[in-house]
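Fold and contact review
As a plain string of letters, each chain reads:
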Amino acid sequence: MKKLIYAILSLDDNPDRRIAIPPEITGIPGDKLHLIRQGGIAAVAGNTNGDAVDTVRKAALQYAGIIENLSFHFTLLPVRFGSVMESEDAVTRMLEKNATAILANLQKVDNRFEFGLKIFCDSEKLSAFLVNKTDPAASTNDPPPTDLPPSVYRDYVNKKLKAHRLEEMMLAYVDSVIAVITSKVSALTSISRFTKMASTSNLIDAVFLLEKEKKDELVVTIAGLMEEHPMLTFMLTGPWPPYNFVDLNIK
Amino acid sequence: MTENKILFNTGSFDGIAEDIGKLTSTDESKLKLTPGNADSGLAKLVLTLVELIRKLVEKQAMRRVDGGSLTDEEIERLGETLMKLEMKMEELKKHFNLTDRDLNINLGPLGDLM
């Protein structure tokens, strides 16, 4: 029977190894989940008949919900949606081969959850704000002085140069906001990741790994940022299973 | 999900939903190579790479212009070259019926290619 893998978790916190999945947490088709154990780790798996898991939105949400429910009971590594292995033996071999890396990752995320921060902006308003703030001597509107007659090529370069300077200003601004966030959350966690300018409106996409009990402190910290950056829109979410903090290449 | 996941939000939900929608991949931002569209699929792949390299060259050129290391004549020639490259790319996109969005592949969590 093929196995649909939801998560990998540690058995070390349960020396008697009688760890069990709460019965209210079931798999996508409503089947019972079970553990495939190997040493100090175990994969949470369900049976599946299909060659491919239905990749519709509903199934993906169900899958995420199951992992989330498990995360409230165990320290775990979430597994990518639709991860199917040929048999229980194949799962055991995978756990055995990757045990060292899995245990290192489990240790990193032990008792911690992921929190996500997305920062959006109106890029046109922010650009105008940054240009106005710039030293007039380095204004993005001023072409470099020249004695040559006007030319379409020079105008083209000037237009591109203006866009380039604006982009550099935006990046510098994003870096400054990231530096502020990093310093403010450093008291809560040292584990964070940032993605800069994933789109024109999404300036920063950040994820933090921290204990669930520190959630309220994180909210207060991020709320403080809002007052310093009224042009930006903040959305803080969580707690999530540690999706962005699993560094594992399964062999 | 078992609980409300939004802990803090300073924007409107509609606005944020729209912004998040821009982060997800669309049909245009995917490479779909099938036996039936090998020509156009390959054109999209090749032009995506060419456009990426063209933009990198342009960026590096602007750094040099901004750094003041080019003479007026060099800037003039550079402008002519970059402009012609951009025009040629527009021609190629039109020929293969592609848009800027088609050439901006979505790299998932990393965002758009360009």
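Keep in mind it's a predicted model, so treat the numbers as computed, not measured.

As for the overall build of chain B
- Helix and strand content of chain B: three helices and one strand.
- Moving toward the C terminus, one meets the helices and strands of chain B in the order β-α-α-α.
- Taking as baseline every contact in chain B between residues at least 6 positions apart, the subset at least 24 positions apart corresponds to 60%.

Side note on the overall build of chain A
- Per the secondary structure count, chain A includes six helices and nine strands.
- The buried share of chain A, reckoned over its 251 residues, is 33%.
- The contacts in chain A between residues at least 6 apart in sequence include a share of 76% that link residues at least 24 apart.

Remarks on the interface of chain A and chain B
- Of the residues lining the interface, 31 residues belong to chain A; the matching set on chain B comes to 30 residues.
- Sorting the residues of the side of chain A that touches chain B by element identifies α1 (57-71), α5 (152-185), α6 (215-228) and β9 (232-240) of chain A as the ones contributing at least two each.
- The dominant element in the side of chain A that touches chain B, judged by the number of residues it contributes, is α5 of chain A, at eight residues.
- Across the side of chain A that touches chain B, the residue classes tally to 14 nonpolar, 12 polar and five charged.
- Here β9 of chain A runs beside strand β1 (residues 6-9) of chain B; their pairing, made up of three bridges, is antiparallel. Residue pairing for β1 of chain B: T237 of chain A is matched across the bridge by I6 of chain B.

Focus: α1 of chain A
- Taking 1.5 Å per residue, 15 residues should reach 21 Å; α1 of chain A reaches 21 Å between its end C-alpha atoms and fits that length.
- Regarding α1 of chain A, the residues found buried are Y63, I66, I67, E68, L70 and S71 of chain A.

Points about the pairing of strand β1 (residues 2-10) of chain A
Residue and element names in this part refer to chain A.
- The element β1 is largely enclosed, with a buried count of eight among its nine residues.
- Pairing of β1 with strand β3 (residues 41-48), which is carried by eight bridges, proceeds in the antiparallel orientation. Bridged to L9 within β3 is A42.
- Pairing between β1 and strand β5 (residues 84-85): two bridges, direction antiparallel. Residue pairing across strands places L4 opposite V84, the latter belonging to β5.
- Pairing of β1 with strand β4 (residues 76-78) involves three bridges; the strand directions are antiparallel. For L9, the partnering residue across the bridge sits in β4 and is L76.

Some details on the nonpolar core
- Residues Y6, A7, I8, A43, V44, A45 and L77 of chain A are the most contacted members of the largest nonpolar core, which totals 55 residues.
- When residues in this core are grouped by element, the largest group, seven residues, is from strand β8 (residues 202-211) of chain A.
- Split by domain, the residues of this core number at least three in each of domain 1 (2-110) and domain 2 (113-245) of chain A.
- Apart from residues lying up to four places away in sequence, A43 of chain A is in contact with I5, I8, I36, V91 and L95 of chain A.
- Within the second largest apolar cluster, seven residues are counted, among which are V157 of chain A together with A61, M62 and L78 of chain B.

Considering the domain arrangement of chain A
All names here are of chain A.
- By the assigned domains, chain A splits into domain 1 (2-110) and domain 2 (113-245).
- Between domain 1 and domain 2, the residue contacts involve seven residues of the former and five residues of the latter.
- Counting only elements with at least two residues in the side of domain 1 that touches domain 2, the list comes to α1, β4 and α3 (99-109).
- Of the residues that constitute the side of domain 1 that touches domain 2, the class distribution is four nonpolar, one polar and two charged.

Regarding the sheet that holds strand β6 (residues 112-121) of chain A
- Taken in spatial order, the five strands make up an open sheet running β7(A)-β8(A)-β6(A)-β9(A)-β1(B), and their pairing is antiparallel. Looking at which strands have only one partner, the edges of the open sheet turn out to be β7 (192-196) of chain A together with β1 of chain B. Recorded for the sheet is a direction-independent mean angle of 15 degrees between the axes of neighbouring strands.
- Together, β7 and β8 of chain A form the strand contacts of α5 of chain A, whose direction differs from that of β8 of chain A by roughly 15 degrees.
- The strands touched by α6 of chain A are β6, β8 and β9 of chain A together with β1 of chain B; relative to β9 of chain A, the strand with the most contacts, the crossing angle is about 170 degrees.

Some thoughts on the environment of D31 of chain A
All names here are of chain A.
- Topologically, D31 is positioned in the loop between β1 and β2 (34-38).
- For D31, a count of 12 C-beta atoms within 10 Å puts it in the exposed group.
- For the pair D31 and T48, spaced 17 residues apart in sequence, the C-alpha separation works out to 9.3 Å.
- Leave out the neighbours within four places in its chain, and D31 touches T26, G46 and N47.

Here is what the cut-offs are and how they apply
- Residues numbered from 1 in each chain as written.
- Chains lettered and ligands numbered in written order.
- Predicted model: local features only at pLDDT ≥ 70, side-chain atom pairs only at ≥ 80, totals over all residues.
- Helix = DSSP H or I, 4+ residues; strand = E, 2+ residues; numbered from the N terminus.
- Contact = placed C-beta atoms within 7 Å.
- Buried ≥ 20, exposed ≤ 12 C-beta atoms within 10 Å, placed from the backbone.
- Nonpolar A, V, L, I, M, F, W, Y, C, P; charged D, E, K, R; others polar.
- Pairing = 2+ DSSP bridges.
- Expected span 1.5 Å × (residues − 1).
- Core = buried A, V, L, I, M, F, W, Y, C linked by C-beta atoms within 7 Å.
- Domains from an automatic or database assignment.
- Axes fitted to C-alpha atoms, helices over the stretch in contact; angles between N-to-C directions.

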